[in-house]
Amino acid sequence: MIQLDNISLSFGSREIFKNLNWPIKDGKRIGLFGPNGVGKTTLLNVIAGQTHPDGGAVIVPPSVTVGYLPQEVGDSVSANTVVEEGMTAFSDIQALEREMESVREELGRVSGGSAGERKRLLHRLDAVQTELSTRGAHTVRYQTEKLLLGLGFETGDLNKPLSTFSGGWRMRVALAKLLLVRPDVLLLDEPTNHLDIESIDWLEKYLREFKGTVILVSHDQYFLDRMTDTIAELAMGRITEYAGNYSYYLEERKSRHRIQKSAYENQQRKIKDTERFIERFRYKNTKASQVQSRIKALEKLERIPPPPSDDPAVHFKFPEPERSGKAVLELSGFSKSYNAADGSVVTVFRDAGPLLISRGDKIALIGKNGAGKSTLARIAIGTEPFEGERKEGYNVSVTYFAQHLAESLDPSNTIIEELESQAEARNETEIRSLLGAFLFSEGDVYKKVSVLSGGEKSRVALAKTLLSPRNFLVLDEPTNHLDIQSRNVLIEALRQYKGTFLVVSHDRHFLDSITNKIWYAEKGRIVTYPGTYSEFRYHQSLRERMDPESTAEGGTPAGNGRRVKYDEAQNKPAESGEFRRLEAEKRNRLYRELRDRGIENMENWEELSASQLRSALTGLEQRIRDIECNISEVEAFLADPDNFRDGGRSAEATQKFDRMHGELKKLYERWEAVSSHLEKRVSD
Ligand SMILES: Nc1ncnc2c1ncn2[C@@H]1O[C@H](COP(=O)(O)OP(=O)(O)OP(=O)(O)O)[C@@H](O)[C@H]1O
Ligand SMILES: [Mg+2]
């Protein structure tokens, strides 16, 4: 068990921890929760031994290993490839391998030398080899690759240099390394910030199976709900534990606050009475001793703090931008590809669009990681070269927010200097009131950017973005790092906003509150939908169910009404023995691949024989039927309003629903491709 014993820590005059005591029980799943800037990251730093408290001690038993995933990764990147970097988690095994190499070399050198020496070396070699195999050295690469794939890397990415990946992906490698080490205690600081829904699913599964202790910081309430059995609330320098998940915590906190409030009010009343007594009888000799004892009692009284006040409302008018023309932005049909570091070409968009943004549009740009959302956001602001035409409308002024903006703040500025540095500087009163709206207190505004917490930095960058009255905003993942209260501030700000915006986000509640149009990036195209996010999801599920193009009666796909003829004329080439052997080898290889991966995951499926194709097709049809059956079950679950009240479970079901739809789509596509290929082969 790790024990935090009477920890105190201040930054300047600000007390972050005050006599904080916290026994961290083994095997617990703890959500460390509190608003931006309360000290969560600092506390993890203290537990990990990276920050020393001013007073008190962290007691970690010597046998316990602690692994820490920090909120932000630094800029320094090793020259390793992704998989090499992941494998450094096994540094002990790698050291043994190096030793084995050097013993082998030495053996080569002493060959023909003294028998005793050779015997000693052979012994050593044997010992090292045994050690390596008991530690499972041969599975190191496999384990590493498996984990990286789980976290969303593609097979082709694994051997690319780490330096070619963005911060978010480097964060995933850091996470992979951490998980491979299998520490007893995992400290995770906002691990979902850089993950898409599928990788979050994967991480959840991983954490569920993980046997050790987990301390998790997150502002994502679904994630907290599913992953934790204890909430440790950090407030006013101390930890208060709640023995349940996040939903339990919310309920329980409410009732504890009620109790605290009445205890506080009682005590305040008593204090007032005592003070009145003292005041009245202070100069009466007959009461002198009673007065004295009451004064003492008051001094000794342990004061109950007032319960924290509820979320303050936002009272701020955001500067109103000049009106733009009716058409804000037109993108002609467009394509975009990148040259990847290894020389290959990655196509992000092919013949997407045309797209039109009109004044007053509030667009949610959604899609999986890697679907090109950030690229499209940059195309929209005009900083990303692409094939196609971008036409800005009359009097349009654009401003852009992306996560890296928070990192490009000048660390030596104070918050207020940072905002004043904005070209269209406004007067200090206005800036202060904007900062107040973004939950910075009077004292905070002189803090240096370099010491700000993740959420505080994001808030400064957002305030900076919203300070300049532009009429077209493009926001890329603005809610990352923000606590719930700050998200509400941003929602409020965007509701007030009179201009036009395009926002990239995974946060369903956020999107539902502010957007009225959807752009869905998928497979190099953009699907547009005029409605809210929830409406879009609903519409999608309906469309997939009703679309006669993709399903025939009986639930089996009909491939645009075509039916496959299964008779086939065999054209046998003249065969040499060698030729036949090679053919058989290929057939076996293909058969194994088909069996192990399924035809939907094969790239070279066209090489399969006609009979293999046919049986794969039957298999696909079976899988399609199964998934459709599962989907209707989940649909029934989702349609029941009772289940909707349980946010965690219905979110889980929605995710499952999406996943199955994704899979179904893939299966349909492969089915179509296979059946028309087979048809062609037969008729050729
Ligand atoms: N070196 C420092 N000097 C002064 N103040 C600091 C320093 N480091 C952190 N702080 C302040 O201490 C507070 C706690 O920071 P911390 O990063 O622990 O917050 P957090 O709870 O993790 O917030 P978030 O949810 O935004 O990540 C913040 O207000 C931050 O500005
Ligand atoms: Mg933090």
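This text goes with the structure placed above it.
First, a word on what this report is: a plain description of the structure on this page. (Residues numbered from 1 in each chain as written. Chains lettered and ligands numbered in written order. Predicted model: local features only at pLDDT ≥ 70, side-chain atom pairs only at ≥ 80, totals over all residues. Heavy atoms only, no water.)

Before going further, it helps to examine the overall build of the protein chain. Counting its regular elements, the protein chain contains 22 helices and 20 strands. Sorting the 684 residues of the protein chain into buried and exposed places 45% on the buried side. Nonlocal contacts in the protein chain, meaning residues at least 24 apart in sequence, comprise 68% of its contacts between residues at least 6 apart. Here the protein chain displays about 36,000 Å² of accessible surface, and carbon together with sulfur accounts for 50% of that area. (Helix = DSSP H or I, 4+ residues; strand = E, 2+ residues; numbered from the N terminus. Buried < 20%, exposed > 50% of the residue type's maximum accessible area, 1.4 Å probe, protein only. Contact = heavy atoms within 4.5 Å. Areas by Shrake-Rupley, 256 points an atom, 1.4 Å probe, with all protein chains shown as cover.)

Now for the packing of aromatic side chains. Taken as a whole and judged by the stated rule, the model has ten aromatic pairs. Ring centres 6.0 Å apart and planes at 90° place the aromatic pair phenylalanine 334 and phenylalanine 386 in the edge-to-face group. In this pair, phenylalanine 334 sits in strand β11 (residues 334-339) while phenylalanine 386 sits in the loop between α11 (373-381) and β15 (390-392), placing the two residues 52 residues apart along the sequence. By relative accessible area, phenylalanine 334 is classed as buried at 1%. Put simply, the rings of Phe33, Tyr242, Tyr246 and Tyr249 touch in pairs and so form one group of aromatic residues. Here arginine 256 stacks its cationic end above the ring of tyrosine 242, 3.8 Å away from the centre of that ring. Looking at arginine 294, its charged tip hangs above the ring of phenylalanine 277, at a distance of 3.9 Å from the centre. (Phe/Tyr/Trp six-rings, centres within 6.5 Å; stacked < 30°, edge-to-face > 60°. Lys NZ or Arg CZ within 6 Å of the ring centre and 35° of its normal.)

Quick look at the coordination of the magnesium ion (ligand 2) now. Put simply, a metal with four donors set out as a tetrahedron has ideal angles of 109.5 degrees, and one with six donors set out as an octahedron has ideal angles of 90 or 180 degrees. Coordination of the magnesium ion (ligand 2) by the protein involves Thr41 (OG1) and Gln71 (OE1), with metal-donor separations of 1.9 to 2.3 Å. Of this pair, threonine 41 sits in helix α1 (residues 40-47) while glutamine 71 sits in the loop between β5 (66-69) and α2 (82-87), and the two are 30 residues apart along the sequence. Residue glutamine 71 is classed as buried on the basis of its relative accessible area, which comes to 7%. (Donors = N, O, S within 2.8 Å, 3.2 Å for Na, K, Ca; no water.)

A few words on the packing of helix α3 (residues 91-110) against helix α4 (residues 115-134). Closest axis-to-axis distance for the α3/α4 pair is 10 Å, and the angle between their directions is 155°. Taken together, the axes of α3 and α4 are roughly antiparallel relative to one another. Considering only the axes of α3 and α4, their crossing is left-handed. Only Glu117, Arg118, Arg120, Leu121, Leu122, Arg124, Leu125, Val128, Gln129, Glu131 and Leu132 of α4 make contact with α3, whose side of the interface consists of Ile93, Leu96, Glu97, Glu99, Met100, Val103, Arg104, Glu106, Leu107 and Val110. The residue makeup of the contact of α3 with α4, split by class, is eleven nonpolar, one polar and nine charged. (Axes fitted to C-alpha atoms, helices over the stretch in contact; angles between N-to-C directions. Parallel < 35°, antiparallel > 145°, perpendicular 65-115°, else oblique. Left-handed = near helix turned anticlockwise from the far one by under 90°. Nonpolar A, V, L, I, M, F, W, Y, C, P; charged D, E, K, R; others polar.)

What follows covers the site of ligand 1. Lining the immediate environment of ligand 1, one finds 21 residues, of which Lys40, Thr41, Thr42, Lys447 and Ser453 sit closest. Histidine 219 places a side-chain nitrogen or oxygen 3.2 Å from an oxygen atom of ligand 1. Protein contact buries 85% of the 650 Å² of open area that ligand 1 shows by itself. Of all the elements in the fold, those that place two or more residues in the shell around ligand 1 are β2 (14-24), α1 and α15 (454-467). When the residues that make up the shell around ligand 1 are grouped by side-chain class, the tally is six nonpolar, ten polar and five charged. (Near = heavy atom within 4 Å. Polar contact = N/O pair within 3.5 Å; in protein donor to acceptor, adjacent residues only side chain to side chain.)

Counting residues in each nonpolar core, the largest one holds 51 residues, and the members touching the most others are Val82, Leu148, Leu179, Leu188, Leu203 and Leu207. Broken down by element, the residue count for this core peaks at seven residues, all from helix α6 (residues 167-181). The contact partners of leucine 179, leaving out residues within four places of it in the chain, are Leu147, Leu186, Trp202, Leu203 and Tyr206. In this structure, Phe318, Val449, Val460 and Ala461 belong to the second largest nonpolar core, which totals 42 residues. (Core = buried A, V, L, I, M, F, W, Y, C linked by side-chain atoms within 4.5 Å.)

With respect to topology, six strands assemble into an open sheet ordered β16-β17-β18-β14-β19-β20, the strand pairing being mixed. Strands with a single pairing partner mark the edges of an open sheet, and in this sheet they are β16 (398-401) and β20 (525-529). Going from strand to strand, the sheet's axes swing by 15° on average, the running direction of each strand aside. Note: β16 against strand β17 (residues 472-476), four bridges, orientation parallel. Paired with valine 398 across the strands is phenylalanine 472, a residue of β17. Taken strand by strand, α15 contacts β16 and β17, and its axis lies near 175° from that of β16. (Pairing = 2+ DSSP bridges.)

Here we come to unusual backbone geometry. Across the junction of glycine 353 and proline 354, the peptide omega takes the value 5°, indicating a cis bond. Assignment of secondary structure puts proline 354 in the loop between β12 (345-352) and β13 (355-358). The phi dihedral of asparagine 6 is positive, around 55°, even though this residue is not glycine. Residue leucine 439 is not a glycine yet carries a positive backbone phi of 70°. Relative accessible area serves as the criterion here: at 24%, leucine 439 is assigned to the partly exposed category.

Burial of strand β8 (residues 230-235) is extensive: five of the six residues sit out of reach of the surface. Examined bridge by bridge, strand β3 (residues 29-33) and β8 share four bridges and lie parallel to one another. Across the sheet, the residue bridging to glycine 31 is isoleucine 231, located in β8. In this sheet, strand β9 (residues 238-242) lies alongside β8 in antiparallel orientation, the contact comprising five bridges. Along β9, the bridge assignment pairs alanine 232 with glutamate 241. Following β8, the chain reverses through two residues before pairing antiparallel with β9; methionine 236 in that reversal takes a positive phi of roughly 45°.

Attention now goes to the packing of helix α9 (residues 246-281) against helix α10 (residues 288-300). Two elements in contact, α9 and α10, have axes separated by 10 Å at closest approach and are oriented at 145°. The crossing of α9 and α10 is left-handed. On the side of α9, the interface is formed by Ile271, Thr274, Glu275, Phe277, Ile278 and Phe281, while α10 contributes Gln290, Val291, Arg294, Ile295 and Leu298. Its residues assigned to classes, the contact of α9 with α10 shows seven nonpolar, two polar and two charged.

Ordered by their spatial adjacency, six strands build an open sheet running β5-β6-β7-β3-β8-β9, and the pairing between neighbours is mixed. Of all the strands in the sheet, just β5 and β9 have a single pairing partner and so form its edges. Averaged over all pairs of adjacent strands, the angle between strand axes in this sheet comes to 20°, irrespective of strand direction. Sitting on the sheet, α9 is in contact with β3, β8 and β9, with an inclination near 110° to β9.

A separate point is the pattern of salt bridges. A full pass over the atoms with the stated rule returns 32 salt bridges. The partner of aspartate 273 in a salt bridge is arginine 276, and the shortest N-O contact between them spans 3.4 Å. Within this pair, aspartate 273 and its partner arginine 276 are both found in helix α9, separated by three residues, close to a single helical turn. Residue class for aspartate 273 comes out partly exposed when judged on its relative accessible area of 41%. For glutamate 593, the salt bridge is made with arginine 597, and the minimal N-O distance between the two is 3.4 Å. Of this pair, glutamate 593 and arginine 597 are both found in helix α19 (residues 577-597), four residues apart, which corresponds to roughly one turn of the helix. Relative accessible area serves as the criterion here: at 17%, glutamate 593 is assigned to the buried category. (Salt bridge = Lys/Arg side-chain N within 4 Å of Asp/Glu carboxyl O.)

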